[in-house]
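Spelled out, the chains give:
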Amino acid sequence: MKQYLDDHFTHDVNLSELAQSIGLNKHHIIRVFHSAYGISPIQYILKKRFDEAKFYLRTSESSIRQIAELCGFHSANYFSQMFQKKFGLSPTQYRQRINLLEGMEEGELLGAAEL
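Residues numbered from 1 in each chain as written. Predicted model: local features only at pLDDT ≥ 70, side-chain atom pairs only at ≥ 80, totals over all residues. Heavy atoms only, no water.

1. A few points about the overall build of the protein
Thought 1: Within the protein one finds seven helices and zero strands.
Thought 2: Overall, the protein shows an N-to-C arrangement of helices and strands of α-α-α-α-α-α-α.
Thought 3: Per-residue burial over the protein gives 31% buried out of 115 residues.
Thought 4: Looking at the protein as shown, the accessible area adds up to about 7,800 Å², and 52% of this sits on carbon and sulfur atoms. (Helix = DSSP H or I, 4+ residues; strand = E, 2+ residues; numbered from the N terminus. Buried < 20%, exposed > 50% of the residue type's maximum accessible area, 1.4 Å probe, protein only. Areas by Shrake-Rupley, 256 points an atom, 1.4 Å probe, with all protein chains shown as cover.)

Structure follows, in structure tokens:
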């Protein structure tokens, strides 16, 4: 199940259909997954989506709308609201902070190399 979620986290995942396809009860799958990983399958999907979004925010110039779509969010507004709620920063603020921190680290490294 974890592999399925890893492979499909950017798509709509219907746990009822997944449970039916493997012949198990949806609630049983949720309990087993939570027992194994400490979070529900839905929480796991959201974590994967946010990890992917943070990667794109750090490494690309893609718009917030593009990143939201790439990570499985149906709306850039919903993505931004959820990101803000989870991390205390909007996606744009996160990107700016990461770029600022990386610029400072790079500057520090350049300064140390000159010594």
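What follows picks up the thread again.
2. Some remarks on the environment of Arg 31
Thought 1: Summarising the element assignment, Arg 31 is placed in helix α3 (residues 26–37).
Thought 2: For the pair Arg 31 and Pro 41, spaced 10 residues apart in the sequence, the C-alpha separation amounts to 9.4 Å.

3. Quick word on the side chain of Ser 40
Thought 1: Here Ser 40 is to be found in the loop between α3 and α4 (41–59).
Thought 2: When sequence neighbours within four positions are dropped, the list of residues in contact with Ser 40 reads Phe 33 and His 34. (Contact = heavy atoms within 4.5 Å.)

4. Observations concerning the nonpolar core
Thought 1: One finds Leu 57, Ile 67, Cys 71, Phe 73, Phe 79, Phe 83 and Tyr 94 to be the most contacted residues of the largest nonpolar core, which totals 15 residues.
Thought 2: Within the residue set of this core, elements represented by two or more residues are α4, α5 (64–70), α6 (76–87) and α7 (91–114).
Thought 3: Ranked by the residues each element gives to this core, the list is headed by α4, at four residues.
Thought 4: In contact with Cys 71, not counting residues within four places along its chain, are Phe 9, Thr 10, Arg 49, Glu 52, Ala 53 and Tyr 56.
Thought 5: Counting residues in hydrophobic clusters, the runner-up holds eight residues, among them Leu 5, Phe 9, Leu 18 and Phe 33. (Core = buried A, V, L, I, M, F, W, Y, C linked by side-chain atoms within 4.5 Å.)

5. Considerations on the packing of helix α2 (residues 15–22) against α3
Thought 1: One way to put it is that α2 packs onto α3 with a least axis distance of 8 Å and a crossing angle of 95 degrees. By the criterion of interaxial angle, the relationship of α2 to α3 is roughly perpendicular. Residue-level inspection shows Leu 15, Ser 16, Ala 19 and Ile 22 of α2 in contact with α3, the latter providing Lys 26, Ile 29 and Ile 30.
Thought 2: Residues of the contact of α2 with α3, tallied by class, amount to five nonpolar, one polar and one charged. (Axes fitted to C-alpha atoms, helices over the stretch in contact; angles between N-to-C directions. Parallel < 35°, antiparallel > 145°, perpendicular 65-115°, else oblique. Nonpolar A, V, L, I, M, F, W, Y, C, P; charged D, E, K, R; others polar.)

6. Side note on the packing of aromatic side chains
Thought 1: Within this structure, the stated rule accounts for 12 aromatic pairs.
Thought 2: Their ring planes at 65 degrees and their centres at 6.1 Å tell us that Phe 50 and Phe 83 sit as a pair that is edge-to-face. Of this pair, Phe 50 sits in helix α4 while Phe 83 sits in helix α6, and the two are 33 residues apart along the sequence.
Thought 3: Ring plane angle 70 degrees and centroid distance 5.5 Å describe the contact between Phe 83 and Tyr 94, whose orientation is recorded as edge-to-face. You can see Phe 83 sitting in helix α6 and its partner Tyr 94 sitting in helix α7, a full 11 residues away along the chain. (Phe/Tyr/Trp six-rings, centres within 6.5 Å; stacked < 30°, edge-to-face > 60°.)

7. Some thoughts on the pattern of salt bridges
Between side chains of opposite charge, a pair can form when the charged atoms approach closely.
Thought 1: In total, this model carries three salt bridges according to the counting rule given.
Thought 2: For Lys 2, the salt bridge is made with Asp 6, and the minimal N-O distance between the two is 3.1 Å. Taken together, the residues Lys 2 and Asp 6, both in helix α1 (residues 2–8) and four residues apart, mark about one turn of the helix. (Salt bridge = Lys/Arg side-chain N within 4 Å of Asp/Glu carboxyl O.)

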